[in-house]
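# Coordinate analysis (summary)
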Amino acid sequence: MRLVLPAAALTAAAVAALLAACGSDGVPVTETNPGDGFNSTAVAFLSDVHFENIYGDLKSSQFAGIPTKDGKNATIRTMYAQLTSTRLFNENYFAFRAALDDAYGKGIRLVAMPGDISDDAQPINIDGLADILHEYQAKGMRFFIAPGNHDPNEPYDDDEAGKNDFLTKDGKEQKIYAVNNAACKARDPAVVCTNQLMEQGYEKLMSKLGEFGYAPNKSDIYWETPFSSYADGKYSYEAASAAADLSKRQFEICTEGEGGKYKVAGKTYSRCVNMVDASYLVEPVKGIWLLALDGNVHAPNANFDPANPKYFKGYDNAGDAGWNKMLTHKIHQIEWIKSVAARAKAQGKQLMSFSHYPTMDFYANQTDAMKAVFKPGAFQVSRMPAAATTAALAATGLPLHVGGHMHFNGTNDYKDSAGNYLVNVQSPSLAVFGAAYKIVSYQSKDLIDVQTVGLSNVARHNELFPLYQVEYDYLQGSSAAGDIAKRWNRGILDSKSYGEFTRTYFGELSRLRFMGDYWPCEMKEAAMSLDARQMLILSQLQTRVTLAQLKDNPTVLPLTAGCAAKGTVAAGGVAASQLTADWAAAAAKAEQIAAAANLKLADFAKISAYEFYGDFHRTVYAGELALRDMGAERVAQYKVLMNAFPASPAAIIKVGDQLSDQNPVHVAFQSQFKQVFAILKGLGSGKPSDHFTIDLKAQKLNNASTSGLSFN
């Protein structure tokens, strides 16, 4: 399987593909063939599975995992590793099977997987995933994979990779690396060495997973790549198989952008190399086109070695690039998408495109607000598609795109002045809170139905809990500072369902990671100290007592001036004791506000600080699905808070860029948390994302759910 294709031949292939591209009926793009109406066959979209083979064979004499009572060995990561990661590593194994069983039970036989199908494309995980797909394939299901940034992590094999947090039978961590890792070469006795933990590149992945979309199937009506050209426009399985060879699926990529015929005259290009594009178009049943797009952009970097182009460190990771870099580094694919969209429209095909990366704002259009409120780079906003990117993709004529990557459940749409309309459906991950998959089907040629199927109840979700108990006991019994820092809330092991498990997981993920990584100091202190009752009172507080004076009256509310810089004390201040009376007055106002909504102020205390910031982050990921978890009473309480803040909060006094301790106690909270609650409202009241329809003719999203909750 040759990977290097001469640039001249590559350019010729690309040009031929665009000039001679024909649809599954052999009809050139310039002709029309409306077909026989529409096909209502449903397609399930399972994104960001992050499959880890928890009973896989590491093929190591040093470490086989944890022996279990049924004779298997559990090769799993620690609970602490899970609780500090934006994805689960272990329990999603059971969630994946549950989703497949559910889809199969609903009669669905076509399953699309928009990337990050594995933990990191290690052999133990890819081989285990393939085994499961074969199992369901034997029952009549078919699978179509698009690559994600975790599969592959790099375009070529990484034989130095590994993980340092596998769980041992004693509750400790075990390092396991591929054999060329420096620790393995040094024969470090504390490290287990096996190539089952190497990270595979395109060549191995596409070879092992070829039958899951990367290569044509004899039952397919049609299959092509961005580089395919079929003689006289006649499709055949044999011709498609030849086109599937990796040597015929390459383009030239340079540090500065795509090479070949796409080089801009006068612009300098460096570090150019040929690379695989794993994209394909398939018609598995008559009338339905699945467009699997390889959105990975692995641009050559300063470590690129032209004498060793397969050196994995010579390329940027694709995680933050997404569609923004596709416009400059995969121009051929943009042209191909335009061709596919035009042919689909001309031939009456129902086009469903999917890739790992979102094509437009995935945070319910709250991105700018989030950038203004939280720490720089918080919530991975660097991955947000630019407005120009969305416009360029809409201009291709693509009507529907299903994305993943952000583990977020949401929907957005975009229309331009030329009449193009693009809908981006964010398929949530199975490995986080709000675990769910999407079912997409055409109800007519212009009406698409999208349903979100949640996975609250998952068989065997607690199978590994006894092993985590050993880890918990070890951490509790250890006096080592590193172990103490890794202690987690044992309550997660009392989870009665997968939904409850993932809910608690997100509470711990928020506590152990998000609050420190994303929230500015004073906001973190408030969010981690105040319950919703105290927040509502603070929203009404008016006082001249300053943050610096809180130490002199510490019993009123649990805040300090610890995050503030020392400012100049103004003349004519008031005594710290005044805060007690001011707080009582604010509490009376808060009581009236709650009563006006038929609520009791005391009940707001049920939303502890832990519950609040957990709810916030759960909504960041699950959107309107998080409101279902909150329940009607809590949603009503949050709505009260969203409307309780002053219309124009007082300006925050600063010392340089830092909060001054001479700010009155309420000022920073009211200014900052008014914005926090506005963001929460936006995230939970975005465009329909549970059950909805897409009207392509009217260019409109219609909510089809009658049971959903909203902050509106």
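Whatever comes next refers back to the structure up there.
Residues numbered from 1 in each chain as written. Predicted model: local features only at pLDDT ≥ 70, side-chain atom pairs only at ≥ 80, totals over all residues. Heavy atoms only, no water.

## A word on the state of the cysteines
Inclusion rule: The definition used for a disulfide is geometric: two cysteine sulfur atoms within 2.5 Å. When a residue's accessible area, from a 1.4 Å probe over protein chains only, is under 20% of the maximum for its type it is buried; when over 50% it is exposed; and in between it is partly exposed.
For the coordinates displayed, the defined rule picks out three disulfides. Across the disulfide, C184 is cross-linked to C193 (sulfur-sulfur distance 2.1 Å). Classification of the bridge connecting C184 and C193 rests on its S-S torsion, roughly -105°, and on that basis the disulfide is left-handed. Overall, C184 belongs to the buried group, its relative accessible area being 10%. For C193, a relative accessible area of 21% puts it in the partly exposed group. Residue C254 pairs covalently with C272 via a disulfide, S to S 2.1 Å.

## Observations regarding helix α21 (residues 632-642)
Heads up, the condition is: Where helices and strands are cited, they refer to DSSP runs of H or I of at least four residues and of E of at least two residues respectively, numbered from the N terminus. Any two residues whose heavy atoms approach within 4.5 Å at even a single point are treated as in contact.
Buried within α21 we find R634, V635, Q637, Y638, V640, L641 and M642. The inward-facing, buried residues of α21 abut α15 (498-518), α17 (532-540), α18 (578-596), α19 (609-622), α20 (624-630) and α22 (667-684).

## Thoughts on the nonpolar core
As a reminder of what qualifies: By nonpolar core is meant a set of buried Ala, Val, Leu, Ile, Met, Phe, Trp, Tyr and Cys residues that side-chain atoms within 4.5 Å join together.
Counting residues in each nonpolar core, the largest one holds 201 residues, and the members touching the most others are W519 and F673. Apart from the residues within four sequence positions on either side, F673 is in contact with W519, M523, A526, A527, M535, F612, F645 and A668.

## Brief notes about unusual backbone geometry
Backbone torsion omega between D151 and P152 reads 15°, so that peptide bond is classified as cis. Relative to the helices and strands, P152 resides in the loop between β5 (142-146) and β6 (162-167). Phi at A121 is positive, roughly 65°, even though this residue is not glycine. Here A121 is to be found in the loop between β4 (110-114) and α4 (123-137). Although it is not a glycine, D232 sits at a positive phi angle of roughly 60°. Topologically, D232 is positioned in the loop between β9 (222-224) and α8 (237-243).

## Here's the deal with the pairing of strand β18 (residues 436-444)
Definition in use: Here, a strand pair is defined by DSSP locating no fewer than two bridges between the strands.
Within β18, seven of the nine residues are buried, which leaves it mostly tucked inside the rest of the structure. Sheet topology places strand β1 (residues 43-45) next to β18; three bridges connect them, and they run antiparallel. In the sheet register, F45 faces β18, and the bridge partner there is K438. Of the pairings in the sheet, the one linking β18 to strand β19 (residues 447-454) comprises eight bridges and is antiparallel in character. Along β19, the bridge assignment pairs S441 with D449. Here β18 folds back onto β19, and the loop between the two strands holds two residues.

## Observations regarding the packing of aromatic side chains
Stated precisely, the cut-off is as follows: Put simply, two rings from Phe, Tyr or Trp (the six-membered ring, in Trp's case) pair if the centres are within 6.5 Å, and we call them stacked under 30 degrees between planes, edge-to-face over 60, tilted for the rest.
A complete count under the given rule lists 43 aromatic pairs for this structure. Here F374 and F616 contribute two aromatic rings whose centre-to-centre distance is 5.6 Å and whose plane-to-plane angle is 50°, an arrangement assigned as tilted. On the criterion of sequence distance, the pair formed by F374 in the loop between α11 (367-373) and α12 (387-394) and F616 in helix α19 is long-range, its members being 242 residues apart. Taken as a pair, F374 and F616 share a single burial class, namely buried. Measuring from centroid to centroid gives 4.4 Å for F379 and Y518, while their planes differ by 45°, and the two rings are tilted. Placement of the pair is F379 in the loop between α11 and α12 and Y518 in helix α15, with a sequence separation of 139 residues. With respect to class, F379 is no different from Y518; both count as buried.

## Overview of the pattern of salt bridges
To keep it simple, the criterion reads: Salt bridges are defined by distance alone: a side-chain nitrogen of Lys or Arg within 4 Å of a carboxyl oxygen of Asp or Glu.
For the coordinates displayed, the defined rule picks out 36 salt bridges. For the salt bridge of D70 with K72, the shortest nitrogen-to-oxygen distance reads 3.5 Å. Taking the relative accessible area as the measure of exposure, K72 reaches 30% and is therefore partly exposed. A salt bridge links D615 to R618; the nearest nitrogen and oxygen atoms lie 3.1 Å apart. Taken as a pair, D615 and R618 lie in helix α19 at a separation of three residues, close to a single helical turn. Judged on exposure class, the residue D615 and its partner R618 are both buried. Here the salt bridges share partners, and the residues they tie into one network are E52, R77, R87, D119, D120, K163 and D165.

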